Amino acid sequence: LIISVGAQYSTGVDEQTNAGNVSVYPNPSNGLFTIQLKDIGVAKIEIRDLSGKLIQTGLVTGSNNNVDLNNFPKGIYTLSVDQNNVTSNHKIIIN
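Attention in this report is confined to the structure presented alongside it. (Residues numbered from 1 in each chain as written. Predicted model: local features only at pLDDT ≥ 70, side-chain atom pairs only at ≥ 80, totals over all residues. Heavy atoms only, no water.)

1. Focus on the nonpolar core
So, point 1. Membership of the largest hydrophobic core comes to 16 residues, with the highest contact counts inside it found for Leu79 and Ile92.
So, point 2. Counting residues per element, the ones that place at least two in this core are β1 (22–25), β2 (32–37), β3 (42–49), β6 (75–83) and β7 (86–94).
So, point 3. Setting aside chain neighbours within four positions, we find isoleucine 92 in contact with Val24, Asn27, Phe33, Ile47, Leu69, Gly75, Ile76, Tyr77 and Leu79. (Core = buried A, V, L, I, M, F, W, Y, C linked by side-chain atoms within 4.5 Å. Buried < 20%, exposed > 50% of the residue type's maximum accessible area, 1.4 Å probe, protein only. Helix = DSSP H or I, 4+ residues; strand = E, 2+ residues; numbered from the N terminus. Contact = heavy atoms within 4.5 Å.)

2. Some thoughts on unusual backbone geometry
So, point 1. Going from tyrosine 25 to proline 26, the amide bond is cis rather than trans, its omega being -15°.
So, point 2. Looking at the element boundaries, proline 26 is found in the loop between β1 and β2.
So, point 3. Geometrically, the link from asparagine 27 to proline 28 is a cis peptide bond, its omega value of 10° lying close to zero.
So, point 4. Its place among the elements puts proline 28 in the loop between β1 and β2.
So, point 5. Its identity is not glycine, yet asparagine 84 carries a phi of approximately 55°, on the positive side.
So, point 6. Positive phi values are uncommon outside glycine, yet asparagine 85 reaches one of about 65°.
So, point 7. Along the chain, the position of asparagine 85 falls in the loop between β6 and β7.

3. Digging into the sheet that holds strand β4 (residues 54–61)
So, point 1. On the basis of which strands lie adjacent, the open sheet formed by four strands has the order β4-β3-β6-β7 and antiparallel pairing. Strands with a single pairing partner mark the edges of an open sheet, and in this sheet they are β4 and β7. Looking at each pair of strands side by side, their axes are set apart by 20° on average, direction ignored.
So, point 2. Of the pairings in the sheet, the one linking β3 to β4 comprises seven bridges and is antiparallel in character. Bridging from a neighbouring strand, valine 42 pairs with threonine 61 of β4. (Pairing = 2+ DSSP bridges. Axes fitted to C-alpha atoms, helices over the stretch in contact; angles between N-to-C directions.)

Structure representation (structure tokens):
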């Protein structure tokens, strides 16, 4: 008798889901990022630290939007952009 047990682990953020519709630059940054939406409309953003704590939310519209994270410590954060019920996830770095 052979029993096969499998497990799937997530070790990071999927940066490929709909990532082509959103650009984030410069990255790394000193804390000021631009989010560029390729589709015109409104998108909800969420920024979390590596522990998963939500540190900032907001709405962005149009093509170029500035996000200021200068008040947060240097490190790696995740940015989720939800537009038209499609979410893209991005790793952003404050240095």
